[in-house]
Structures are given as structure tokens and as C-alpha cells.
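Observations on chain architecture
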Amino acid sequence: LKKINKENEEIGAKHQELQKEYSKVKERVETLTRERERYNATVKALKVDLQALHLGNIGAETSLQEHMRVLNEKWDEHLTIKSDLQKSTRALEEARKDREHIAKQHNAK
């Protein structure tokens, strides 16, 4: 009877140890599942971004180099537009200063 009790205690201890391991594994599986869902959502968002970048003309065979080429073209266009906007802003600021100067001269008369 003592031998059976000792075996039962050992089995109980093993059971508790396995329960703890099971909890750890279950938590890890849940964590990996959440990470996979985030990864899939990110990939889906990137695909949408790439389709928008290529104006819908994208296929599975589109290479990374092609994506980078289009991205660089878009960036260069952005820089050109930004430069043009900065020039326009400076011209508007100069015109504003001129108008203020002319208004001051007119009011001084």
C-alpha cells in the first residue's frame, strides 16, 4: 500500500509538472498565433500599399527591385513637388512683404 501511495504521489507530481509545461506551451502557441495574425495583417497592408504605389499594376512576379525603382521615382517626384512648393511659398512671402511695404508708404502720405 505504501508503494502504491508513493507511486501515486510521483504520478501526481509528474501530472502537476506536465500541467505547468502544458500551460507554458499553450501560452506560447497563443502568443505565436497573435504574432502570425499581426504579421499577416502587416503583409496585407504592405500589399495594398504596393498596389497603390504601382497604381494597381502589380503581380506576384513583381520584383523587389521593381518596387524600389517605382518607390524612388515617386520619392523624386515628391522632392520636386516639395521644392516647387517651397519656391512658391517664398514668392508669396516676398509678395506679402512688398504689399505691406507699399501699404505703409501709402498710409504715410
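I will try to describe carefully the structure that is included in this document. All of these numbers come straight from a predicted model, not from anything done at the bench. (Residues numbered from 1 in each chain as written. Predicted model: local features only at pLDDT ≥ 70, side-chain atom pairs only at ≥ 80, totals over all residues. Heavy atoms only, no water.)

Some details on the pattern of salt bridges
The test is simple: Only one rule defines a salt bridge in this text: a Lys or Arg side-chain nitrogen within 4 Å of an Asp or Glu carboxyl oxygen. Numbering of helices and strands starts at the N terminus; helices are DSSP runs of H or I of at least 4 residues and strands are runs of E of at least 2. Exposure classes here rest on a 1.4 Å probe applied to the protein chains alone. A residue is buried below 20% of its type maximum, exposed above 50%, and partly exposed in between.
Taken as a whole, this structure holds 3 salt bridges when the rule is applied. The salt bridge involving R69 is made with E73; its shortest N-O contact spans 2.3 Å. Remark: E73 and R69 occur in helix α2 (residues 64-108); sequence separation between them is 4 residues, near one turn of the helix. When its relative accessible area of 39% is taken as the criterion, E73 is described as partly exposed. A salt bridge links R96 to E93; the nearest nitrogen and oxygen atoms lie 2.2 Å apart. Residue R96 and its partner E93 are located together in helix α2, separated by 3 residues, close to a single helical turn. In this structure E93 comes out as partly exposed when scored by relative accessible area, which is 33%. Each of E93, R96 and E100 takes part in one network of salt bridges that share partners.

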